[in-house]
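# Analysis of the macromolecular model
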Amino acid sequence: MDMRHLRSFVAVAEELSFSRAAERLHISQPPLTQHIKALEAEMGVQLFARTKREVRLTDAGVVFLRESRLLLDQLRTAVNATIRTAKSDAGTLRVGVATAALFGVMPTFLSLMREAFPHVVISVNDMQSQDQVVAVAQGALDLGIVHVRPDRMKLSHAPIFSESLVAVVPEHHWLASKPDFTLADMASEPMVGLSREHGPAIFDAIVACCHRAGFSPEMQHSARNPLTIFQMVRLGFGVSLVPRAYAHSAFPGVRFREMPTTAGSVRMEAIWSERHASALTHKIVTTILPRLAGVPFEEA
């Protein structure tokens with residue numbers, strides 16, 4: 001069904017005159033008449049009762065006028081929204097975020113986005129890095145913020161930040177107040193950590209930094225998220241190493257101990273798919289990501 005025919009029908013129905021409707025639409029009367037006949041033929045109903053003196057809507061025409069106005073209103077809304085999007089960089093950005101980024105990089109990312117793209121709605125999904133890779137590759141996410149891993153399924157990527165690790169110990173543990181605390185002090189302690197299944201990049205980074213400190217970590221307990229780690233540490237199951245951003249959580253009953261930056265770090269990067277990237281995604285990649293990598297992070 002041609003939208004021109006709908007506009008012609010609404011004009012005739014509102015004017016109840018073919019001549020006035022033709023003037024309103026800036027067309028001659030014969031093509032206007034053909035538009036109405038085409039609509040009536042397509043639907044198999046009579047929309048107007050015509051005499052030499054008057055034009056009036058049939059009962060079917062009254063119903064069709066109501067529905068046609070709704071359709072044309074929806075079309076105008078869609079066109080206007082599209083134009084606004086093109087002119088003002090509006091739209092929705094679907095972002096996947098590894099949990100550590102929610103504590104560290106996301107506040108800065110949101111601040112930069114509000115400044116540069118105030119009309120963009122950001123939809124955030126807390127997801128494991130490997131799940132984000134699949135979602136971005138399939139076009140279900142526009143952008144992912146993930147822990148660095150070698151296999152990214154040929155996705156585009158850019159480094160965002162690298163952050164140091166901190167120790168997490170029970171509040172009254174001997175390490176909570178030890179002067180000159182170093183990673184080597186944890187060598188004899190049982191450890192709680194993210195399972196490799198749920199955080200392979202963090203798990204590998206922790207094991208690597210412990211090896212550099214001269215010991216193999218005794219990973220006795222595993223968890224699926226940082227809050228579980230903190231509660232297990234609080235209950236005395238062991239100590240832990242986590243990205244520094246997690247310390248912003250101020251979890252009760254535990255202490256976060258800073259260590260030298262040389263002790264170890266985890267790196268994060270943004271990923272996106274050139275195949276599925278919209279114009280908005282490209283603008284964010286070229287304007288926001290370089291700034292994100294070059295500014296200090298805000299605390300949540």
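Residues numbered from 1 in each chain as written. Predicted model: local features only at pLDDT ≥ 70, side-chain atom pairs only at ≥ 80, totals over all residues. Heavy atoms only, no water.

Going by the annotation in an unreviewed UniProt entry, the name recorded for the protein chain is LysR family transcriptional regulator, with Pandoraea fibrosis given as the source organism. Its UniProt record gives the protein chain a comment under Sequence similarities (unreviewed entry), which states: "Belongs to the LysR transcriptional regulatory family." (UniProt positions renumbered as here; feature names shortened; annotations may be inferred.)

## Overview of the state of the cysteines
Going through the model one piece at a time under the given rule, you end up with 0 disulfides. For Cys209, which is in no disulfide, the shortest distance to another cysteine sulfur is to Cys210 and amounts to 4.4 Å. The exposure class assigned to Cys210 is buried, which follows from its relative accessible area of 0%. (Disulfide = S-S within 2.5 Å. Buried < 20%, exposed > 50% of the residue type's maximum accessible area, 1.4 Å probe, protein only.)

## Structural notes on the layout of surface pockets
Considering only enclosed or pocket space, the largest pocket measures out at about 240 Å³ in volume. Taken together, 20 residues make up the lining of the largest pocket; nearest its centre are Thr99, Met127, Gln128, His198 and Gly199. Where the lining of the largest pocket is concerned, the elements lending two or more residues are α5 (99-103), α7 (129-138) and α8 (200-212). If one sorts the elements of the lining of the largest pocket by residue count, α8 sits on top with 3 residues. Roughly 180 Å³ of volume is contained in the second largest pocket. Ala201, Ala205, Ser265, Val266 and Arg267 are the residues nearest the centre of the second largest pocket, which is lined by 11 residues in total. Of all the secondary-structure elements, those providing two or more residues to the lining of the second largest pocket are α8 and β11 (265-272). Ranked by the residues each element gives to the lining of the second largest pocket, the list is headed by α8, at 4 residues. Of the residues assigned to the lining of the second largest pocket, the class counts are 4 nonpolar, 3 polar and 4 charged. (1 Å grid on protein atoms, 1.4 Å probe; cavity = no way out; pocket = protein on both sides within 12 Å on 5 of 7 lines; lining within 4 Å. Points joined across faces, edges and corners; volume = space filled by probe spheres on them. Helix = DSSP H or I, 4+ residues; strand = E, 2+ residues; numbered from the N terminus. Nonpolar A, V, L, I, M, F, W, Y, C, P; charged D, E, K, R; others polar.)

## Thoughts on the packing of aromatic side chains
Under the counting rule described, the total for this entry stands at 7 aromatic pairs. Ring centres of Phe18 and Phe48 lie 6.2 Å apart, and the angle between their planes is 65 degrees; on these two criteria the pair is classed as edge-to-face. Placement of the pair is Phe18 in helix α2 (residues 18-25) and Phe48 in strand β1 (residues 48-50), with a sequence separation of 30 residues. A relative accessible area of 0% means that Phe48 is categorised as buried. With centroids separated by 5.5 Å and ring planes inclined at 55 degrees, the aromatic side chains of Phe230 and Phe251 adopt a geometry described as tilted. Residue Phe230 is located in helix α9 (residues 226-234), and its partner Phe251 is located in the loop between β9 (240-243) and β10 (254-257); the two are separated by 21 residues in the primary sequence. Both residues of the pair, Phe230 and Phe251, count as buried. Among the aromatic residues, ring-to-ring pairing joins Phe103, Phe230, Tyr246, Phe251 and Phe256 into one connected group. (Phe/Tyr/Trp six-rings, centres within 6.5 Å; stacked < 30°, edge-to-face > 60°.)

## Some points on helix α6 (residues 105-116)
The end-to-end C-alpha distance of α6, which contains 12 residues, comes to 17 Å, matching closely the 16 Å that a straight helix rising 1.5 Å per residue would cover. Of all the residues in α6, the buried ones are Val105, Met106, Pro107, Thr108, Phe109, Leu112 and Met113. Residues of α6 that are buried make contact with β3 (91-97), α5, β4 (120-126), β5 (143-147), β6 (156-170) and α10 (279-292). (Expected span 1.5 Å × (residues − 1). Contact = heavy atoms within 4.5 Å.)

## Some details on the pattern of salt bridges
If you walk through the whole model with that rule in mind, you get 13 salt bridges. The residue Arg24 makes a salt bridge to Glu14 at a minimum N-O spacing of 2.6 Å. Taken together, the residues span a long stretch of sequence, with Arg24 in helix α2 and Glu14 in helix α1 (residues 3-15) at a distance of 10 residues. Across the pair Arg20 and Glu15 runs a salt bridge whose closest N-O atoms are separated by 3.6 Å. Through salt bridges that share partners, Glu14, Glu15, Arg20, Arg24 and Arg69 make up one connected network. (Salt bridge = Lys/Arg side-chain N within 4 Å of Asp/Glu carboxyl O.)

## A short note on α2
Residue pairs spaced three or four apart in an α-helix point in one direction, given the helix's 3.6 residues per turn. When we look at burial in α2, the residues that qualify are Phe18, Ala21 and Ala22. Down the axis, α2 shows its buried residues gathered within 100 degrees of arc, on one side only. Buried residues belonging to α2 abut α1, α3 (29-43), β1 and β2 (55-57). Taken from the residues just after α2, His26 is the one with a positive phi, measuring 60 degrees. (Arc of directions from axis to C-beta.)

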